[in-house]
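# Descriptive analysis of the structure
Listed below, chain by chain, are the residues.
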Amino acid sequence: MVGHAFMGAAHSQAWRVAPRFFDLPVRPVMAVLCGRDADRARAAAERLGWAEAVTDWKSVLERDDVHVVDICTPGDTHAEIAVAALDAGKHVLCEKPMANTVAEAVAMAEAAERAARRGVRAMVGFSYRRVPALGLARDLVAQGRLGRIHHVRAQYLQDWIVDPAAPLSWRLDKEKAGSGALGDIGAHIVDATQFILGDSISEVMGTLVTFVPERPLASTHSGLSGTAATGQTGPVTVDDAALFLARFAGGALGSFEATRFANGRKNALRVEVNGSAGSLAFDFEDMNVLQFFDGTEDPAVAGFRRIMVTEPGHPYVAAWWPAGHGLGYEHAFTHQAVDFVRAVAAGTDPAPSFADGLQVQRVLAAVENSAVSGSWQQV
């Protein structure tokens, strides 16, 4: 695993837990963790369960005992590491967004296509599609329970930088992150809605806003929080919020909002889908629940029903706890690891693929272009 901060911890949890709750065809061995600072990497390896730590990710690609490279670094390093790992014959799991630019994503998708011809697999870490409630949502759409899809509404609302005194981090630096709320969290709702509908966004029109253009430099940083340095500031070079309209290839109309300034909303990934025969709604802050409306029922008694997605027949749930005992944020990463391992062992392409990641990257780029041009942009 390359990188060991927020996502590194989440992925490590997944690798540790997956073989203990799921029947896997092979057992992952957490061989080596890579980090820039030797002391911090060693401490992280010990804390997270990795056998050893190194500071040169390139050296890992030469090792015969490493078959998978898990990329949990900032976006500016994804393309270089992923392409090199795939060309070296290593299976790759890469955090989202897949890249910082469409050109990087194209190079990664091409490397994945070359690697697949040699039996080497690649997957993007859009973990929310592994939440059981969203898996059930996809099943309901696929079964035709919503009929023809008319509307998709998606929001991803956070508030961790609403305070203008919150310090700069790599997520606020375009060179490292590629974009702000658009790529960091907007990418998730793009993937989630396309996953639920089984359809792709074809056209967008959007706007981007930076509310706080300058922030204190950070003296320390961990996860999404940090400590500001006294008297030193730097520019915010990414968007704080993104809003865009979208047309799906199948005809549905979408509206999307991604912001880190929704005061009081901590991790509200919300999706609502309206169709000719029914509707569904989901909010990650109540992640074990899916709201479903069956428009074919008698209007006198029809209404949204609250489905607890904790039954053994629901996606992934049978491996966990008795019905009604909910799952949490970390479980989606475990499901991601399970699906990745099973696909690699079976010699099949895992999903979402690097081609899927490229499509999401094209959507993000089209939103950025639309924000500049003020017009609809083809994806």
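Please read these numbers as outputs of a predicted model, since none were measured by experiment. (Residues numbered from 1 in each chain as written. Predicted model: local features only at pLDDT ≥ 70, side-chain atom pairs only at ≥ 80, totals over all residues. Heavy atoms only, no water.)

## Re the overall build of the chain
Rule in force here: Secondary structure is summarised from DSSP: a helix means a run of H or I of at least four residues, a strand means a run of E of at least two, and numbering begins at the N terminus for each. It is over C-alpha atoms that the radius of gyration is taken, and the globule rule equals 2.2 Å times the number of residues to the power 0.38. For every residue, the accessible area obtained with a 1.4 Å probe (protein chains only) is divided by the maximum for its type, and the residue is called buried under 20%, exposed over 50%, and partly exposed between those limits. Note on contacts: a residue pair is in contact if any heavy atoms of the two residues lie within 4.5 Å. Computed with the Shrake-Rupley method and a 1.4 Å probe, the accessible areas treat only the protein chains shown as cover for residues. Just so you know, the count uses Lys and Arg for positive and Asp and Glu for negative, and it drops His and the chain ends. By convention, the point assigned to a charge is CZ for Arg, NZ for Lys, CD for Glu and CG for Asp.
Check the secondary structure of the chain and you find ten helices and 16 strands. For 379 residues, the compact-globule estimate of 2.2 N^0.38 gives 21 Å, and the C-alpha radius of gyration of the chain, at 21 Å, lies within 12% of that figure. The principal-axis extent of the C-alpha atoms belonging to the chain is close to 65 × 50 × 40 Å. The buried share among the 379 residues of the chain stands at 53%. By sequence separation, contacts in the chain at least 24 residues apart represent 69% of the contacts at least 6 residues apart. For the chain, the exposed surface amounts to about 16,100 Å²; the carbon and sulfur share of it is 52%. Side chains of the chain give 34 positive and 43 negative charges; the mean places of these two sets differ by 2 Å.

## Quick word on the sheet that holds strand β14 (residues 289-294)
In sheet architecture, strand pairing relies on hydrogen bonds along the backbone and comes in two forms, parallel and antiparallel. The condition is simple: Whether two strands pair comes down to DSSP finding at least two bridges between them. A fitted line through C-alpha atoms represents every axis, and for helices the fit uses only the stretch in contact; the resulting angles, taken between N-to-C directions, go from 0 to 180 degrees.
Here nine strands make up an open sheet; going across it, the order is β15-β14-β13-β12-β6-β11-β10-β7-β16 and the pairing mixed. Where the open sheet ends on each side, the last strands, each with one partner, are β15 (305-308) and β16 (377-378). Relative to the sheet, helix α6 (residues 132-142) contacts β6 (149-157), β13 (278-283), β14 and β15, its axis offset from that of β14 by approximately 20°. Together, β7 (201-209), β10 (241-248) and β16 form the strand contacts of helix α10 (residues 354-373), whose direction differs from that of β7 by roughly 50°.

## A look at the packing of helix α1 (residues 6-21) against helix α9 (residues 329-346)
What counts here: Roughly parallel means an angle under 35 degrees; roughly antiparallel means over 145; roughly perpendicular covers 65 to 115; every other angle is labelled oblique. Here a crossing is taken to be left-handed if its near helix is turned anticlockwise relative to the far helix by less than a right angle, and right-handed if that turn runs clockwise. All residues other than Ala, Val, Leu, Ile, Met, Phe, Trp, Tyr, Cys, Pro, Asp, Glu, Lys and Arg, Gly among them, are scored as polar; the first ten of these are nonpolar and the last four charged.
Here α1 crosses α9 at 60°, and the two axes come no closer than 8 Å. Relative to α9, the element α1 lies oblique. Between α1 and α9 lies a crossing of right-handed hand. For the pair α1 and α9, contact is made by F6, M7, A10, H11, Q13, A14, W15, V17 and A18 and by Y329, E330, F333, T334, Q336, A337, V338, F340 and V341, respectively. Grouping the amino acids of the contact of α1 with α9 by side-chain chemistry returns 13 nonpolar, four polar and one charged.

## Let's talk about the nonpolar core
Worth spelling out the cut-off: Buried Ala, Val, Leu, Ile, Met, Phe, Trp, Tyr and Cys residues that are joined via side-chain atoms within 4.5 Å together make up what is termed a nonpolar core.
L86, I196, F282, L290 and F354 are the most contacted members of the largest nonpolar core, which totals 80 residues. Of all the elements, helix α8 (residues 181-197) adds the most residues to this core, at ten residues. When sequence neighbours within four positions are dropped, the list of residues in contact with L86 reads V92, M108, A111, A112, A115, R118, V120, R121, A122 and F354.

## So, the packing of helix α5 (residues 102-116) against α10
Two elements in contact, α5 and α10, have axes separated by 9 Å at closest approach and are oriented at 170°. For the element pair α5 / α10, the angle class is roughly antiparallel. For the pair α5 and α10, the contacting residues are V102, A105, V106, M108, A109 and A112 in the first and F354, L358, Q361, R362 and A365 in the second. In terms of residue class, the contact of α5 with α10 is built from nine nonpolar, one polar and one charged.

## Observations concerning the UniProt feature "domain: Gfo/Idh/MocA-like oxidoreductase N-terminal" (unreviewed entry) in the chain
In plain terms, the rule: UniProt positions are given in the numbering used here, feature names are shortened, and annotations may be inferred rather than shown by experiment.
The sites that UniProt annotates as "domain: Gfo/Idh/MocA-like oxidoreductase N-terminal" (unreviewed entry) are residues 1-117. For residues 1-117, the end-to-end C-alpha separation is 24 Å, with 48% helix and 13% strand making up the annotated structure.

## A few points about unusual backbone geometry
Following K96, the chain continues to P97 via a peptide bond in cis, the omega torsion being -20°. Looking along the chain, the bond that leaves A351 and enters P352 is cis, with omega of 0°. Tracing the backbone shows P352 in the loop between α9 and α10. A positive phi angle is found at Y316, which is not glycine, with a value near 75°. Relative to the elements of secondary structure, Y316 occurs in the loop between β15 and α9.

## A short note on the pairing of β10
The two faces of a sheet get side chains in turn, since along a regular strand they alternate between them. With eight bridges connecting them, β7 and β10 associate as antiparallel partners. Residue pairing across strands places I201 opposite F248, the latter belonging to β10. In terms of strand pairing, β10 meets strand β11 (residues 253-259) through seven bridges, oriented antiparallel. In the strand pairing of β11, R247 is matched with L253. In this antiparallel pair of consecutive strands, β10 and β11, the connection spans four residues, and G251 shows a positive phi of 110°.

## A short note on the side chain of D240
In plain terms, the rule: Counted as salt bridges are all cases of a side-chain nitrogen of Lys or Arg within 4 Å of a carboxyl oxygen of Asp or Glu. Two N or O atoms count as a polar contact when they lie within 3.5 Å, although within protein this holds only if one can serve as hydrogen donor and the other as acceptor, and sequence-adjacent residues are included solely when both atoms are side-chain atoms.
Checked against the element boundaries, D240 lands in the loop between β9 (225-235) and β10. R215 is the oppositely charged side chain nearest to the buried, salt-bridge-free D240, at an N-O distance of 4.9 Å. In this structure the side chain of D240 is engaged in a polar contact, spanning 2.7 Å, whose partner is the backbone nitrogen of F211. Aside from chain neighbours lying at most four places away, what touches D240 is I161, A181, V209, T210, F211, V212, A258, T259, R260 and F261.

## Overview of the sheet that holds strand β4 (residues 91-95)
Spatially, three strands are ordered β3-β4-β5 in an open sheet, and the strand pairing comes out parallel. Two strands in the sheet have a free side with no partner beyond their single neighbour: β3 (68-71) and β5 (122-125). The mean inter-strand angle of the sheet, taken between neighbouring strand axes irrespective of direction, is 15°. Examined bridge by bridge, β4 and β5 share four bridges and lie parallel to one another. Note on β5: the bridge partner recorded for L93 is M123. Docked against the sheet, α1 engages β3 and β4, running at close to 135° with respect to β4. Relative to the sheet, α10 contacts β4 and β5, its axis offset from that of β5 by approximately 40°.

## Digging into α8
As a reminder of what qualifies: An expected span of 1.5 Å times one less than the residue number is assigned to each helix. What is called the bend at a residue is the angle between a pair of axes, fitted to the seven residues leading up to and ending at it and to the seven starting from it.
Counted at 1.5 Å a residue, the expected span for α8 with its 17 residues is 24 Å, and the 23 Å between its end C-alpha atoms agrees. The largest bend along α8 measures about 35° and falls at A187. Counting buried positions over the 17 residues of α8 gives 17, a clear majority of the element. Of the residues one or two after α8, G198 is the one with positive phi, at around 65°.

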